[in-house]
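Residue strings, one per chain:
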Amino acid sequence: NAGVTQTPKFRILKIGQSMTLQCTQDMNHNYMYWYRQDPGMGLKLIYYSVGAGITDKGEVPNGYNVSRSTTEDFPLRLELAAPSQTSVYFCASSTISSPLHFGNGTRLTVT
Amino acid sequence: QKEVEQNSGPLSVPEGAIASLNCTYSDRGSQSFFWYRQYSGKSPELIMFIYSNGDKEDGRFTAQLNKASQYVSLLIRDSQPSDSATYLCAVAPSNFNKFYFGSGTKLNVKP
């Protein structure tokens, strides 16, 4: 049972480039989330989804987009990458009654 | 903005001592409370969750919740060097659709 899988693990982007961070879960969880974690800081919620076709903004959504076409997948799109988006990105999933299960994270550097 | 506050530390305790980690939250609608442990470069892993006022014990860990004071704590008994990590407090509403994190407390357990 893989749980929450994120790809890639590492990525370096140039300013202005775009990319998609992939996240998939095999636990049939309805809820999925994207967080970012800056060095020495806690996790900030970017976007979340309570089911396929439903997404909503979190605390820090600017510069990001998401989609949720299936229960399993919740990709995060970065358009026009900026140095401020250098961070570690975590995808997580849960149900209405369970804690968060995290993926292993994607370390992104924008230079 | 949902505020979750933690002392960033570092909190240093000798091996075998009790480590006490504290967290306050601003949203009185929060119903569920979680403690995650995060080793450097790794994703957060769940230690405990608590929903009701009072204490909840699991092995060497005890979570304490006081909703009237909007305060949740984690006690680690018989601290071990392997407990050295950052501890993240998280809160969520009753439907688990959003989890808000504090910035974490770094714990150092000295042999």
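These numbers come from a predicted model, not from an experiment. Sequence order sets the numbering: in each chain, residues are counted from 1 along the sequence as written. Each chain takes a letter, starting from A, and each ligand takes a number, starting from 1, following the order in which they are written. Where local features are concerned, this predicted model is filtered to residues with pLDDT of at least 70; where side-chain atom pairs are given and counted, the filter is 80 or more; whole-chain, interface and lining totals use all residues. Where side-chain values are given, they derive from all heavy atoms of the structure, hydrogens and water being excluded.

Caption draft 1: Summary view of the sheet that holds strand β1 (residues 4–6) of chain B. All names here are of chain B. Pairing between strands is defined by DSSP: at least two bridges between them are needed. Labels follow the DSSP assignment, with helices taken as runs of H or I lasting at least four residues and strands as runs of E lasting at least two, numbered in each case from the N terminus. With antiparallel pairing, 5 strands are arranged side by side in an open sheet as β1-β3-β8-β7-β6. The strands lining the two open edges of the sheet, one partner per strand, are β1 and β6 (54–58). Averaged over all pairs of adjacent strands, the angle between their axes in this sheet comes to 20°, without regard to strand direction. Where β6 and strand β7 (residues 61–66) come together, 5 bridges link them in antiparallel fashion. Of the residues in β7, the one forming a bridge with Asp55 is Gln64. Fitted lines through C-alpha atoms give the axes, limited to the stretch in contact for helices. The angle between two N-to-C directions lies from 0 to 180 degrees.

Caption draft 2: Seen up close, the side chain of A:Ser98. Among the structural elements, A:Ser98 can be located in the loop between β9 (87–94) and β10 (101–102). Only protein chains enter the accessibility calculation, which uses a 1.4 Å probe. A residue is then buried if its area is under 20% of the maximum for its type, exposed if over 50%, and partly exposed in between. For A:Ser98, a relative accessible area of 14% puts it in the buried group. Distance and chemistry together define a polar contact, namely a pair of N or O atoms within 3.5 Å, with one atom able to donate a hydrogen and the other to accept it when in protein, and with adjacent residues in sequence counting only for side-chain atoms on both sides. Within polar-contact distance, the side chain of A:Ser98 engages the backbone nitrogen of A:Thr95 at 2.9 Å. The contact criterion used is simple: two residues touch if any of their non-hydrogen atoms lie within 4.5 Å. Residues in contact with A:Ser98, not counting those within four places in the same chain, are B:Phe96 and B:Phe99.

The values reported here are purely geometric and, on their own, carry no functional implication.
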